[in-house]
Structures are given as C-alpha cells and as structure tokens.
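Chain by chain, the residues:
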Amino acid sequence: MITLFYLAGAIAVISTAAVIVQTNIVHALLYLILSLLAVAVVFYVLGAPFAAALEAIVYAGAILVLFLFVIMMLNLGQHTREQERSWLSARMFVAPGIMSALLLGQFLNVMSQIDQDMAITRVGVMEVSALLFGPYVLAVELASILLLAGLVSAYHLAKK
Amino acid sequence: METIPVEHGLILAGILFCLGLIGVLTRRNIVFVLMSLEVMLNASGLAFIVAATRWGHAEGQVMFLMILTLAAAEVAVGLGLIIQMFRRYQTVDISVLSEMKG
C-alpha cells in the first residue's frame with residue numbers, strides 16, 4: 001500500500017507536468033484525467049474510499065467531459081496546435097518556474113521540520129455521510145445552491 | 001498498521017499546486033489556464049484528505065466534497081465564459097482580454 005502511494009504520487013506529478021507543457025489540447029486533457037485518477041488512487045491509499053470514488057466520478061468523469069464538450073464546440077483543430085507551439089517557448093517558463101520553485105522551496109523547508117507519521121485508518125462512507133447529514137447539513141444545502149447558481153449562470157453565459 | 005509520513009502527502013499536494021500555478025502563469029490558451037486551475041483546486045483537496053487521514057476524522061473529506069462542488073460550479077461558469085469569449089473574439093488567447101471596455 002505504501003509503495004502504491006509513492007507510485008501514484010509520481011504518476012500524478014509526471015502527468016500534471018505533461019499537462020502544462022502539452023501543445024495538443026486533447027492530449028493535455030487525457031494527461032489531466034490520468035493525473036486525477038492517480039490522485040484518486042492516493043486518496044484510496046490514504047483511507048478515504050468515498051473521496052476516491054468521487055474524484056474518479058466527478059472530476060475525471062463529469063468535469064473533464066465538460067472540458068471535452070467545450071473543446072469540441074470551439075473546434076480547436078490543427079491550426080491551434082501550431083499557434084500553441086509558437087506561444088509556448090522555454091523562455092516563458094523561466095520566471096514562473098523560478099517563482100514557483102521559491103514557493104515550493106519555502107514549503108519544503110517548513111515541511112522538513114515536521115516529523116509525524118500518519119496511521120492509515122479507513123474512514124468510510126458512513127462516517128462522512130453521518131457528518132454531511134448531521135452537523136454540516138447547512139453546508140450541503142449551500143453547496144446545492146452554489147451548483148444551481150453555476151447551472152443558471154452557465155446557461156445564461158453560453159446562450160447566444 | 002501502515003504509516004506514511006504526513007509531510008510526504010503534503011509535499012505531493014504542494015508540488016501539484018506549484019505545477020498548476022506554473023500552468024496558470026505560462027499558458028496563453030484560456031482552456032489550459034482553466035485546466036491548471038483545476039489542478040490547483042485538486043491539490044488543495046488532496047491537502048485536506050491528508051489532514052483528514054492524519055487526525056483520523058471525516059471532516060477533511062467533507063471539506064473535500066465542498067471543494068469538489070466549488071470546482072464543478074467554477075468549471076461550468078468558466079467554460080460558459082470561454083464560449084462567450086470565443087464567440088466575440090474568435091480566439092482562445094487570453095491577451096485579447098487585456099483591454100476591457102465593457
């Protein structure tokens with residue numbers, strides 16, 4: 001299980017790096033699906049099977065299919081690939097890369113002072129649902145209202 | 001009982017977040033920017049799941065559900081905006097939006 005954690009983490013990092021340097025948009029989308037599925041495996045290893053299932057269903061299933069629909073609607077074909085290639089030079093990665101590396105370095109510095117092990121206890125659907133329909137029921141209602149607002153505004157924005 | 005150092009999980013979340021940040025800062029195609037935002041949101045969800053595992057509570061998973069809902073709503077609105085932008089400017093280049101005139 002522990003080797004599975006590191007393996008899935010490595011796959012997630014590599015495929016996410018492939019997403020941000022990809023010029024073909026559909027390939028980038030497929031790498032993103034791979035990355036999200038790897039993160040779902042990490043969730044499963046960390047003892048959160050409900051979150052893993054939701055990650056696979058909602059993120060890799062629903063959200064990325066939405067992306068695919070929009071890419072098909074916009075009809076981004078071969079010419080955008082050449083345009084992407086001209087936009088994406090190695091020079092553009094220097095400044096954001098340095099800034100993000102500084103941020104990550106500080107984060108690693110902080111993290112290196114922590115030395116705690118987490119024991120993997122399985123927290124299943126029942127415990128999460130008992131919380132969702134108990135003390136957090138108002139948050140669930142607010143989330144549903146947020147989704148309704150997203151639905152209405154997406155309909156309004158995409159309308160001609 | 002198997003154990004994983006808690007900082008390894010948080011470091012994975014941090015690396016994924018920084019990769020998403022690089023994507024947001026470098027790409028000019030707005031669809032890629034939205035995808036990188038998804039990566040960043042997903043990394044923050046991973047941090048919550050790691051915290052949930054560390055304390056053995058289910059609250060972190062509840063927060064992950066909230067982040068998932070937020071990401072779904074954000075993507076729906078963002079893709080609607082992309083469609084509208086493509087109708088107006090016939091391009092997915094974000095630099096055409098640098099001059100907003102209402």
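Structure shown above.
Before going into details, it helps to say that this report is about the structure given with it. (Residues numbered from 1 in each chain as written. Chains lettered and ligands numbered in written order. Predicted model: local features only at pLDDT ≥ 70, side-chain atom pairs only at ≥ 80, totals over all residues. Heavy atoms only, no water.)

Observations concerning the pattern of salt bridges
All names here are of chain B.
Right, so step 1: Tallied over the full model, the rule gives one salt bridge over all chains.
Right, so step 2: A salt bridge links Arg-28 to Asp-93; the shortest N-O distance between them is 2.8 Å. Highlighted residues: Arg-28 in the loop between helix 1 (6-26) and helix 2 (30-55) and Asp-93 in the segment after helix 3 (59-89), separated in sequence by 65 residues.
Right, so step 3: Exposure remark for Arg-28: the relative accessible area of 29% places this residue in the partly exposed category. (Salt bridge = Lys/Arg side-chain N within 4 Å of Asp/Glu carboxyl O. Helix = DSSP H or I, 4+ residues; strand = E, 2+ residues; numbered from the N terminus. Buried < 20%, exposed > 50% of the residue type's maximum accessible area, 1.4 Å probe, protein only.)

Points about the layout of surface pockets
Right, so step 1: If you add up the space inside the second largest pocket, you get close to 220 Å³.
Right, so step 2: Taken together, Leu-54, Val-58, Leu-132, Val-140, Ala-143, Ser-144 and Leu-147 of chain A together with Leu-65, Met-66, Leu-68, Thr-69 and Ala-72 of chain B form the lining of the second largest pocket.
Right, so step 3: When residues of the lining of the second largest pocket are traced back to their parent elements, those giving at least two are helix 3 (49-74) and helix 7 (137-158) of chain A together with helix 3 of chain B.
Right, so step 4: Class assignment for the residues of the lining of the second largest pocket results in ten nonpolar, two polar and no charged. (1 Å grid on protein atoms, 1.4 Å probe; cavity = no way out; pocket = protein on both sides within 12 Å on 5 of 7 lines; lining within 4 Å. Points joined across faces, edges and corners; volume = space filled by probe spheres on them. Nonpolar A, V, L, I, M, F, W, Y, C, P; charged D, E, K, R; others polar.)

Digging into the packing of aromatic side chains
Right, so step 1: Tallied over the full model, the rule gives two aromatic pairs over all chains.
Right, so step 2: Between Phe-5 of chain A and Tyr-6 of chain A the ring centres are 5.1 Å apart and the planes differ by 85°, which places this aromatic pair in the edge-to-face class.
Right, so step 3: Using a relative accessible area of 37% as the deciding quantity, one classes Tyr-6 of chain A as partly exposed.
Right, so step 4: Just above the ring of Phe-32 of chain B sits the side chain of Arg-27 of chain B; from NZ or CZ to the centre is 3.8 Å.
Right, so step 5: In this structure, Arg-54 of chain B is placed above the aromatic ring of Trp-55 of chain B, and the distance from its NZ or CZ to the ring centre is 4.3 Å. (Phe/Tyr/Trp six-rings, centres within 6.5 Å; stacked < 30°, edge-to-face > 60°. Lys NZ or Arg CZ within 6 Å of the ring centre and 35° of its normal.)

These figures capture arrangement, not role.
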